Amino acid sequence: ARTRERFSPEGRAARCRTIAELRALAKRSVPKPIFDYADGAAWDEVTARRNLAAFEDVTLHPKALTDVSAVDLRTTILGGEVALPIIAAPTGLTGLQHPDGEVAIARAAHRAGTITTVSTMASCTLEEVAEASAGRRWFQLYVMSDRGLVDELLARATDNGYEALVLTVDVQVAGVRERDVRNGFSVPPRISLRTLAQGVAHPRWSAGFVANPRMVPANLGWEGSASATLAASVNKAFDPTVTWDDLADLRSRWKGPVIVKGVMRADDAQRCVEHGADALVVSNHGGRQLDGAAASIEALPAIADAVGDRAELYLDSGIRRGTDIVKALALGARAVMIGRALMYGIGAAGEAGARRAFGILDAELRVALALAGYPRAADLGMDAVSVR
Ligand code: FNR
């Protein structure tokens, strides 16, 4: 029994020491097209690589001789305390990595003392996530051409205790993710000789495949629709005419905080604030949309300068280490969001893997803050870093 436990997905995930190891475990645990859907990015994946590399161009200036015996990761996000400055990013079709999908992520985020964000494209319903976890939750909206569906989603989010609306603005059209094209990745996954050969018949995953009802977005009424590429489905359903007027409209209709996700320019950030946004996520969607876009950490300083304290700033795209979080906080973010770190976690071991992802980053962040001489994460500022 001890051996079985040791080599169970949970046992293996518990032994991962880094997000990179969790990624390697996820890669071995799910079929290639499913791993590539999470790990891949647009076109040449230049921006995805830049997201990681740009953190190396930010250097830390550790402060000496401060008492770091009590490291404190707590901060407030939109007026409520979180235990650590890390928020679960919205990810679509999370249930492909593991049947528990967004429920697993929500439970892990709650246990870590932080917020989860449920995507419009989630594999679990808004109701299921609300039922499964009492933690703080936000709803991420893609504006669909069917505005009746948008109204319905907003009403369901309100009714189920989603406190903030996260409007993602960087999917005007679907990004072209060539790994998905090459793999013939489609939603729901098609069973064919090709997909079988790719490992949809993967031993751990195939058992789930038969039982797994989480192969299509659960909140959009797509169940039973024909298998299609994700890009085709997105381009059919999403509204490419969305402009500032829609932000103004959503701001006036949504009673809670509004967060705009996918802001990369200081002028846009300024305009979001003027439209009443409470917070912004500086993000290039993990390099999955416009390849060639700047790394989000490169875009952060100018946006922080333009926004000042008029809105909260969060950053995502490329967070893999505690030191990445230190750098983002020092350059003006109040918190970071993590996408792939959690996708690797649940691909490796469902909720236990997602918990491991939070655990790894929490532990790294504590050591990094102590060594940087900033025991309170919330005290980090520009004097702690320089940008090469
Ligand atoms: C995403 N992301 C995303 N964003 C969003 O607003 N709605 C969504 O449905 C999705 N779906 C999604 C699926 C997958 C598999 C990934 C990897 C990402 C983007 C996500 O919220 C976040 O911006 C990035 O993941 C951040 O980059 P890292 O942490 O993955 O490097």
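So, how was this worked out
- Residues numbered from 1 in each chain as written.
- Predicted model: local features only at pLDDT ≥ 70, side-chain atom pairs only at ≥ 80, totals over all residues.
- Helix = DSSP H or I, 4+ residues; strand = E, 2+ residues; numbered from the N terminus.
- Rg over C-alpha atoms; globule rule 2.2 N^0.38 Å.
- Buried ≥ 20, exposed ≤ 12 C-beta atoms within 10 Å, placed from the backbone.
- Contact = placed C-beta atoms within 7 Å.
- Expected span 1.5 Å × (residues − 1).
- Core = buried A, V, L, I, M, F, W, Y, C linked by C-beta atoms within 7 Å.
- Near = placed C-beta within 6 Å.
- Nonpolar A, V, L, I, M, F, W, Y, C, P; charged D, E, K, R; others polar.
- UniProt positions renumbered as here; feature names shortened; annotations may be inferred.

## Brief notes about the overall build of the protein chain
Of the regular secondary structure elements, the protein chain holds 17 helices and twelve strands. Computed over C-alpha atoms, the radius of gyration of the protein chain comes to 20 Å, within 12% of the 21 Å expected from 2.2 N^0.38 for 388 residues, which places it in the range of a compact globule. Classification of the 388 residues of the protein chain by burial places 52% in the buried group. Across the protein chain, every contact between residues at least 6 apart in sequence was considered, and the portion connecting residues at least 24 apart equals 74%.

## Here we look at unusual backbone geometry
Residue Pro188 is bonded to the preceding Val187 through a cis peptide linkage, with omega at -10°. Within the fold, Pro188 resides in the loop between helix H9 (178-183) and helix H10 (193-200).

## Observations regarding helix H6 (residues 101-112)
Spacing of three or four residues puts side chains on the same side of an α-helix, whose turn is 3.6 residues. A rise of 1.5 Å per residue sets the reference length of H6, with its twelve residues, at 16 Å; its end C-alpha atoms lie 17 Å apart and thus fit the reference within 8%. Where burial is concerned, most of H6 is hidden: ten out of the twelve residues are buried. Where H6 is buried, its residues meet strand E4 (86-88), strand E5 (116-118), helix H7 (126-132), strand E6 (137-141) and helix H17 (340-372). Following H6 by one or two positions, Gly113 adopts a phi angle in the positive range, close to 85°.

## Side note on the nonpolar core
Among the nonpolar cores identified, the biggest contains 116 residues, and Leu280, Leu313, Val336 and Ala357 are the most heavily contacted of them. At 17 residues, the largest contribution of residues to this core is made by H17. Ignoring any residue separated from it by four or fewer positions in sequence, one finds Ala357 in contact with Ile19, Leu22, Ile338, Ala341, Leu342, Tyr344 and Gly345.

## Section: the site of the ligand
Close contacts around the ligand come from 25 residues, with Gly92, Ser119, Gly286, Gly339 and Arg340 the closest. Going through the elements one at a time, helix H4 (32-39) and H17 are the ones with two or more residues in the shell around the ligand. No other element matches the three residues that H17 contributes to the shell around the ligand. Class assignment for the residues of the shell around the ligand results in nine nonpolar, twelve polar and four charged.

## Observations regarding the UniProt feature "active site" (unreviewed entry) in the protein chain
As annotated in UniProt, the feature "active site" (unreviewed entry) corresponds to His285 in the numbering used here. With respect to the secondary-structure elements, His285 resides in the loop between strand E9 (279-282) and helix H15 (296-307). With 27 C-beta atoms packed within 10 Å, His285 lands in the buried category. Sequence-distant contacts of His285, defined by excluding residues within four places in its chain, comprise Asp170 and Gly262.

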